[in-house]
Each structure stands twice: as C-alpha cells, then as structure tokens.
Amino acid sequence: MKRSVALLSSAVLAVSLLTGCGTAAEKDSAAKPADQTQQPANNGEQASQSDDVLDQFKKLTLPYSVDPKTAIVEYQGGKLTAQEFETFLRVINFLNPMQGAMIESADQESLKIFAREYTATKILASRADAAMEKESQELAEKTFENLKGQYLGLLGKDESKFAKLMEKEAIDKDTVVKQMALINNSMAVLKKGIDDAKLKKEYQGLDKESITVASVRHILVSFEKHNNNQEEALKVANDLLARLKKGEDFAKLAKENTDDPGSQETGGLYENAEVSQWVPEFKEAALKLPLNQISEPVKTSYGYHIMKVESRKERTFEEMKSELQNKMLEQEYDKFNKEELDKLITKYNIPQPKPAS
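Residues numbered from 1 in each chain as written. Predicted model: local features only at pLDDT ≥ 70, side-chain atom pairs only at ≥ 80, totals over all residues. Heavy atoms only, no water.

Draft legend 1. Local environment of the overall build of the protein. Along the backbone of the protein there are 15 helices and 7 strands. With 357 residues in all, the protein has 44% of them scored as buried. For the protein, contacts bridging at least 24 residues in sequence account for 77% of all contacts bridging at least 6. Accessible surface, the protein as shown: approximately 19100 Å² in total, 48% of it carbon and sulfur. (Helix = DSSP H or I, 4+ residues; strand = E, 2+ residues; numbered from the N terminus. Buried < 20%, exposed > 50% of the residue type's maximum accessible area, 1.4 Å probe, protein only. Contact = heavy atoms within 4.5 Å. Areas by Shrake-Rupley, 256 points an atom, 1.4 Å probe, with all protein chains shown as cover.)

Draft legend 2. Spotlight on the packing of aromatic side chains. For the structure shown, the criterion picks out 12 aromatic pairs. When the ring of Phe-94 is compared with that of Tyr-151, the centres are 4.9 Å apart and the planes differ by 20 degrees; the resulting orientation is stacked. Residue Phe-94 is found in helix H4 (residues 82-95), and its partner Tyr-151 is found in helix H7 (residues 130-154); the two are separated by 57 residues along the sequence. In this pair, the class of Phe-94 matches that of Tyr-151, namely buried. The interplanar angle of 55 degrees and the centroid separation of 6.3 Å between the aromatic rings of Phe-94 and Phe-162 together place this pair among those described as tilted. In this pair, Phe-94 is assigned in helix H4 and Phe-162 in helix H8 (residues 159-168), connecting sequence segments 68 residues apart. (Phe/Tyr/Trp six-rings, centres within 6.5 Å; stacked < 30°, edge-to-face > 60°.)

Draft legend 3. Local environment of the environment of Arg-90. With respect to the secondary-structure elements, Arg-90 resides in helix H4. As for Arg-90 and Thr-175, which are separated by 85 residues in sequence, their C-alpha atoms are 9.8 Å apart. Residues within four places of Arg-90 in sequence aside, it is in contact with Lys-59, Leu-60, Leu-62, Glu-169, Ala-170 and Ile-171. A polar contact is formed between the side chain of Arg-90 and the backbone oxygen of Leu-60, at a distance of 2.7 Å. (Polar contact = N/O pair within 3.5 Å; in protein donor to acceptor, adjacent residues only side chain to side chain.)

Draft legend 4. Region of interest: the nonpolar core. Ranked by internal contacts, the top residues of the largest apolar core, which has 42 residues, are Ile-72, Phe-85, Phe-88, Leu-89, Ala-115 and Phe-336. Only strand E1 (71-75), H4, helix H6 (108-125), helix H9 (173-191), helix H10 (196-204) and helix H15 (317-344) provide two or more residues apiece to this core. Tallying contributions element by element places H15 first for this core, with 9 residues. Excluding residues that lie within four positions of it along the chain, Phe-336 makes contacts with Ala-120, Ile-123, Leu-124, Arg-127 and Leu-341. Among the nonpolar cores identified, the runner-up in size contains 21 residues, and Tyr-151, Leu-152, Leu-155 and Val-176 belong to it. (Core = buried A, V, L, I, M, F, W, Y, C linked by side-chain atoms within 4.5 Å.)

Draft legend 5. Here's a closer look at unusual backbone geometry. Non-glycine residue Ala-170 carries a positive phi angle of around 65 degrees. Within the fold, Ala-170 resides in the loop between H8 and H9. Among the residues examined, Ala-170 registers a relative accessible area of 45% and is labelled partly exposed. Of note in this structure, Asn-228 is not a glycine but carries a positive phi near 60 degrees.

See the structure below:
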C-alpha cells in the first residue's frame, strides 16, 4: 500500500481495472466477430467466452469473521463498523480486482493499515463543505459510468452480465458511488490549501533533471549476461558501436542485441521519459548528450549502454501541474497523519484473520 487510500481518487482507482484485467480484455477482443452476420454457433461460442471473462471476477472472500456491528476503529466523534469496513473492501475489490487479491491474503497488520486509511478518509471527508460534496458526487457518478464502460468492454457489452457481476460482488451502483464520493471528498479537503501560488513555488524549486523528459534509444550490454566480465561486456558494446557508426539501423540492432527487456520491443527506445528516474550515469548522459549523436559506451551498475538522445525538453508548469498537485497532496496527507490521525483514533479492534487452510 505505497499510496494512501485517502489519496486515491475514484478516477485513479477505476483506471486500474484495465491494468488488472489486460488478459481478459485481449481474450474478449479476440472473441468478437468481425462479421456481425455470422452463424449462431459462433455467437454461442462468443457468449461462452464472455462467460469465461465474467468468471474471472470473483466475489471477495474476507479473511476474517466478525459481527457486522463491531467497531473496528473508534475515533473522536465516530467509529468505523465492521459492516462499513466490509462494504469499503468490497468496493475496492470492484474498483481494482488486483487489490482484492491482497485483501483476501491480508494479515492482521495489513487489515489495520486498510482500516486506518479508511478511517482517515472518513475523518477528512467529514470536513468537506457543500460545494465539495456536490462536485465529489458528480465526479463519482461520472467515474462509475466510465468504469461500467470498461467492464462492459470485457463482458461483450452485455448489461445483464454487468448486473450479474455486481450482484455476485454484493454491491450496487449507489454503494460504489457513495464510496467514491467519500474518497473524492477527502481529497477535496486536502486540496483546499493547495493553490497555484504554492504549486508554482514548488515548480520553481525543482532542479533541471526533475523537469526534463527525453526520448532515449539505447542498447544495453549487461554485466550479468557476461558473468560480470566487464572487459568482455565492453568489447561487445564497442563492436555494436562500430556497426552503428557504419550505418546499421539503431532500432533493429537494439531489438536484436539489447539486454534490456523493458525496451527491446521498442527498439531500445524510452519515449518522453522522466530523466530523473534513471541511474546517475545514464541520467547524466541523457541530460548532456547532443541530440541524435551516438554515444561512446556509458557504464552503469547494469552494464554498458550505447545511447542516442532523440529528443529532450523541459516541462512547463502547466505540464507538471497535476503531478505537482499529487505530490503536495501526499505531503498534506502525511502532515494529517503525523499531526492529527493517531491522536484522533482512540482504539483499534482489528479482527484476527482465519488460519490459512
């Protein structure tokens, strides 16, 4: 749980659905007939495959058993009941099936983290004003429709299957929208103190590498592949460099020779990537190499890289505004955690998970 539940807007949560179900999406796409007039037997096969997709979405099985009225968390001014907590977990599973798998295998400490995060969401959301609540509700309604569209895409556009899915998950539209609106309200409260002036000040304090994006094509000759024999790796890198200087196609050579699986299929290209994410030596080269000039082998902890920077630019404030806002939201949430949350929570009563069978 690297990122706080309180900071996950309904839109962000919903986007993860397709990430978690990519295989199902591909399977469904492959099952769709190109000719809508084909024989009933083929249509029956399509329906069967769509049913298979539906079967991939399982009802969340809670890893514990407790009276629904039990107060899982008590805090000043309120409590989180087991029933509320269960509803929250079921909605999270619906929004992000991958996280549902984490919930099912959660130990007591992990359940405490989920409960603490949701308690934070409830407390923050209670501070929202009427305007925030209205906007949060509208966003939640809109996001639900987008999410429904994603599910329908996986279920052959069959509304009845979507209804069956929600019934199986023991939730309905109102429940999902209510939970998403609650999360949106908590975010709106945190955003209240974040204006353009603060964001611009944050932007102006960033160094060059933090605002630079570049499209870099490279070939990696890894030390690992050459049994950590750095001399041998350098010889291979220089041989590849010589071939590039003779005019061989960089993308083709990278696809055939790079030891970097993350860029092999793109011919060694990382397009419009944030420079700050790379290891120091690679990052420095990405910042300083003249455009479209093939580098000498650049040594990093991974091996030797032959690099070519195809484009490079510094992002503007407007381009980074959303990213900066998210960063400041994290900071605001951390501040709330440190200065308020643990003082407001008076008692935990986290259920003990059932022993693994």
